[in-house]
Amino acid sequence: MSRWNGVLLAFALSVGMVGMTPSVHAAEKTTQIKKKRVAKSVARKVSQKNHAAKRSLKAAPVDPASFGQQAGLHSARDPLSLRSSVALVIDQDTREVLLSKNDHAVLPIASLTKLMTGLLVSEAQLPMDEMITITQDDVDTEKGSSSRLVVGARLSRGDLLHLALMSSENRAAHALGRTYPGGLDVFVQKMNAKARELGMSDSRYVEPTGLSSQNQSSAHDLTRLVAASSRQPLMRELSTSHGYEVAVGRRTLQFHNTNPLVKSPNWDISLQKTGYIREAGRCLVMRAEVSGRNLIMVFLDSAGKLSRIADAERVRRWIESQGGRSAALKTFVNERSS
């Protein structure tokens, strides 16, 4: 009897195990399906992120290096740790050099070009109340930059000069050159002739806005341009204006100065101009009184949106605190740059 019971028990266990197998397999299969679904979901999200990253890279390509970066000018050291690869600070009255760094390097000057444009228009004594129409010829085809001065807008020559010098308005500058007596070609010839007259032997101009990287000069040359421009009261007034409103059709447009230092109580700036294109980096020239001295400052190929402003601040603080050591500073910079 015990033997029979053992057989029955073995049979029962066998039946029970067989009966349980389908439910166990079903549970395992469900778990595997869930894992596969999760894995597919994760893979899909990763793929979407990768595609988004690739689209982002295509939409925002890395800016090419400036001419100064390509030439290795940023490797030159200076005791003020300037972010500009080119810098020159001189006393306009005595011509004493307070700071020099790659000051004879010839680079694109971007909208610093507009100082020459403004100088020629100012010296020509053309009627500032003459109305000029913005045309399709004034639209930027070099860099594709935008402008609030639409084709067909009519402004006075004085308004265009104001916007070109204060807000670096490209269409305004181009219109000034285009409507110069003799036309644009004559105007560009006059720009180069004026450069030669001022002794700017490193300089060349091909158009009046600075959008072309072929407009080139050196810091040494630009001090001469700033000095000549500062002798024009109109250029001093317009370039340092904080803001300006112009009526364009039925609209009134508000423009601002591209140089925030003109509003700073720490500065006494009598003439200034900013500039930027990729090939030139950030540029800035100023005539300012610092510690009782009329100084001309030139900063070219500065790396970073606000770095040219920071460089100017460093120079101002250094001159105010240690202006008597200018000769030693110049020697240091020249030695380190050679």
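Heads up: the structure comes first, above all this text.
Conventions and cut-offs
Residues numbered from 1 in each chain as written. Predicted model: local features only at pLDDT ≥ 70, side-chain atom pairs only at ≥ 80, totals over all residues. Heavy atoms only, no water. Helix = DSSP H or I, 4+ residues; strand = E, 2+ residues; numbered from the N terminus. Contact = heavy atoms within 4.5 Å. Pairing = 2+ DSSP bridges. Axes fitted to C-alpha atoms, helices over the stretch in contact; angles between N-to-C directions. Core = buried A, V, L, I, M, F, W, Y, C linked by side-chain atoms within 4.5 Å. Buried < 20%, exposed > 50% of the residue type's maximum accessible area, 1.4 Å probe, protein only.

S.K.: Quick one: what's the story with the environment of Asp159, residue by residue and with numbers?
M.R.: Relative to the elements of secondary structure, Asp159 occurs in helix α4 (residues 157–166). Taking the C-alpha atoms as reference points, Asp159 and Glu130, 29 residues apart in sequence, are found 9.8 Å from one another. Setting aside residues up to four positions removed in sequence, Asp159 forms contacts with Tyr244 and Val246.

S.K.: Tell me about the sheet that holds strand β2 (residues 97–101), and name the residues and values.
M.R.: The strand order β2-β1-β11-β10-β9 describes an open sheet built from 5 strands, whose pairing is antiparallel. The sheet terminates laterally at β2 and β9 (269–277), the two strands that pair on one side only. Shown here is a sheet whose adjacent strand axes are inclined to one another by a mean of 10°, direction ignored. In terms of strand pairing, strand β10 (residues 281–290) meets strand β11 (residues 293–302) through 8 bridges, oriented antiparallel. In the strand pairing of β11, Glu289 is matched with Asn294.

S.K.: How would you explain the nonpolar core if you had to name every residue and give the values?
M.R.: Of all hydrophobic cores here, the largest spans 57 residues; its most connected members are Met116, Leu149, Leu160 and Leu225. Once residues lying within four places of it in the same chain are set aside, the contact partners of Leu160 are Ile132, Ile134, Leu149, Leu155, Ala172, Ala175 and Leu176. Formed by 22 residues, the second largest nonpolar core is a distinct cluster that contains Leu261, Ile269, Ile309 and Val315.

S.K.: Describe the pairing of β9, listing the residues and the values that go with them.
M.R.: Summarising burial for β9: 8 of the 9 residues are buried, a large majority. Relative to β10, β9 runs antiparallel, the two sharing 8 bridges. If you follow Lys273 over to β10, its bridge partner there is Val285. Taken together, β9 and the strand that follows it, β10, pair antiparallel across an intervening segment of 3 residues.

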